[in-house]
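Summary of structural features
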Amino acid sequence: MKLIDISMPLHNETPAWPGDEPFHYKRTMTMEETGSVNIGQFKASNHTGTHVDAPFHYDENGLKIADLPPERFIGDALVVNMEGKTIIQAEDLRAFEYTGVTKLLFRTTSWNNRNAFPDNYTVISSDAAEFLHSQGIDLIGIDTPSVDPLESKELAAHHSLYKHDILIIEGLELDHAAPGVYELMAFPLRMEEADGSPVRAILRQK
């Protein structure tokens, strides 16, 4: 079955959240120096590119990334088209069929230049979480840097999703994924103290 990579590539020009640590990779030892292997290192914010937000990211008492069960990051996912939306509300979600899926991915295409951080992008309304929870959704993903606006301090969408035990993946690339049902695999790193983690997000056609 065909696999579709829906994660952003990480390189030294990958845009970071304004003011956050950008991604940087460098080779620290060459094969000539070691006699056998190349060795490199990287540094970056945990929220660079395609990543999972742990509840600890926005709640001091929330679970950290290694506390989240790995089974939450695999399962049948519905990709829905939300192009042209400024904010995704509960009323936008009622027309879809959620039988058999536990993940929902929003294809907004509002971050169209991945070489720069967007000035504006589609976000999620705080009223969406209750409806999605009622449909059995336990994880959502979106192709924008955040489910909340850049300037938000209240993080209403983050907190409403957390209240309904819905995990969050941000920074997906869904331009090449047609709406429909897939199997999603998007596992975070097992970092015990972390507030988030990059993921390699993959869809498998069913």
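The following refers to the structure shown.

Rules used throughout
Residues numbered from 1 in each chain as written. Predicted model: local features only at pLDDT ≥ 70, side-chain atom pairs only at ≥ 80, totals over all residues. Heavy atoms only, no water. Buried < 20%, exposed > 50% of the residue type's maximum accessible area, 1.4 Å probe, protein only. Helix = DSSP H or I, 4+ residues; strand = E, 2+ residues; numbered from the N terminus. Contact = heavy atoms within 4.5 Å. Pairing = 2+ DSSP bridges. Salt bridge = Lys/Arg side-chain N within 4 Å of Asp/Glu carboxyl O. Phe/Tyr/Trp six-rings, centres within 6.5 Å; stacked < 30°, edge-to-face > 60°. Lys NZ or Arg CZ within 6 Å of the ring centre and 35° of its normal. Core = buried A, V, L, I, M, F, W, Y, C linked by side-chain atoms within 4.5 Å. Patch = residues over 30% accessible without salt bridge, like charges linked within 9 Å, V, L, I, M, F, W, Y side chains within 5 Å. Areas by Shrake-Rupley, 256 points an atom, 1.4 Å probe, with all protein chains shown as cover.

Three or four residues apart is the spacing at which side chains of an α-helix point the same way, because the helix has 3.6 residues per turn. For helix H3 (residues 156-163), the complete set of buried residues consists of Ala157, His158, Ser160 and Leu161. Packing partners of the buried residues in H3 comprise strand E4 (51-53), strand E8 (123-124), helix H2 (128-134), strand E9 (139-142) and strand E10 (167-170). Asp165 sits one or two positions beyond H3 and adopts a positive phi of about 55°.

Burial along E9 is two-sided: Leu139 and Gly141 facing one way and Ile140 and Ile142 facing the other are all buried. With four bridges joining them, strand E7 (residues 103-107) and E9 adopt parallel strand pairing. From the neighbouring strand, Lys103 faces E9, where its bridge partner is Leu139. Of the pairings in the sheet, the one linking E9 to E10 comprises three bridges and is parallel in character. Paired with Ile140 across the two strands is Ile168, which belongs to E10.

Now for the environment of Pro22. When you line up the elements, Pro22 lands in the loop between strand E1 (3-5) and strand E2 (24-29). When the C-alpha atoms of Pro22 and Ile142 are compared, they prove to be 20 Å apart, with 120 residues separating the residues in sequence. Setting aside chain neighbours within four positions, we find Pro22 in contact with Ala16, Lys43 and Ala44.

The next thing to look at is the pattern of salt bridges. A side chain with one charge may pair with a side chain of the opposite charge, provided their charged atoms come close. Under the counting rule described, the total for this entry stands at 10 salt bridges. A salt bridge links Glu21 to Lys43; its shortest N-O distance comes to 3.7 Å. Linking Glu21 in the loop between E1 and E2 with Lys43 in strand E3 (residues 39-43), this pair joins segments that are 22 residues apart in sequence. On the accessibility criterion, Glu21 (34% relative accessible area) is partly exposed. The residue Lys103 makes a salt bridge to Asp138 at a minimum N-O spacing of 2.9 Å.

How two aromatic rings sit relative to each other is set out by the distance from centre to centre and by the angle between their planes. For the structure on display, the rule yields five aromatic pairs. An angle of 55° between the planes, with centres 6.2 Å apart, marks the rings of Trp111 and Phe117 as tilted. For Trp111, a relative accessible area of 5% translates into the label buried. Taken together through their ring pairs, the aromatic side chains of Trp17, Trp111 and Phe117 make up a single cluster. Looking at Lys64, its charged tip hangs above the ring of Phe56, at a distance of 4.7 Å from the centre.

Further remarks concern the nonpolar core. Counting residues in each nonpolar core, the largest one holds 24 residues, and the members touching the most others are Leu93, Tyr98, Leu104, Phe106, Ile124, Leu132 and Ile140. Ranked by residue count, the leading element in this core is H2, at four residues. Leaving out residues up to four positions away in the same chain, Tyr98 has contacts with Leu78, Leu93, Leu104, Phe131, Leu132, Gln135 and Ile137.

Here the focus is a nonpolar patch on the surface. Taken together, the side chains of Met29, Val37 and Ile39 present a nonpolar region at the surface, about 220 Å² in accessible area. Mapping Met29 onto the fold places it in strand E2. When its relative accessible area of 36% is taken as the criterion, Met29 is described as partly exposed.

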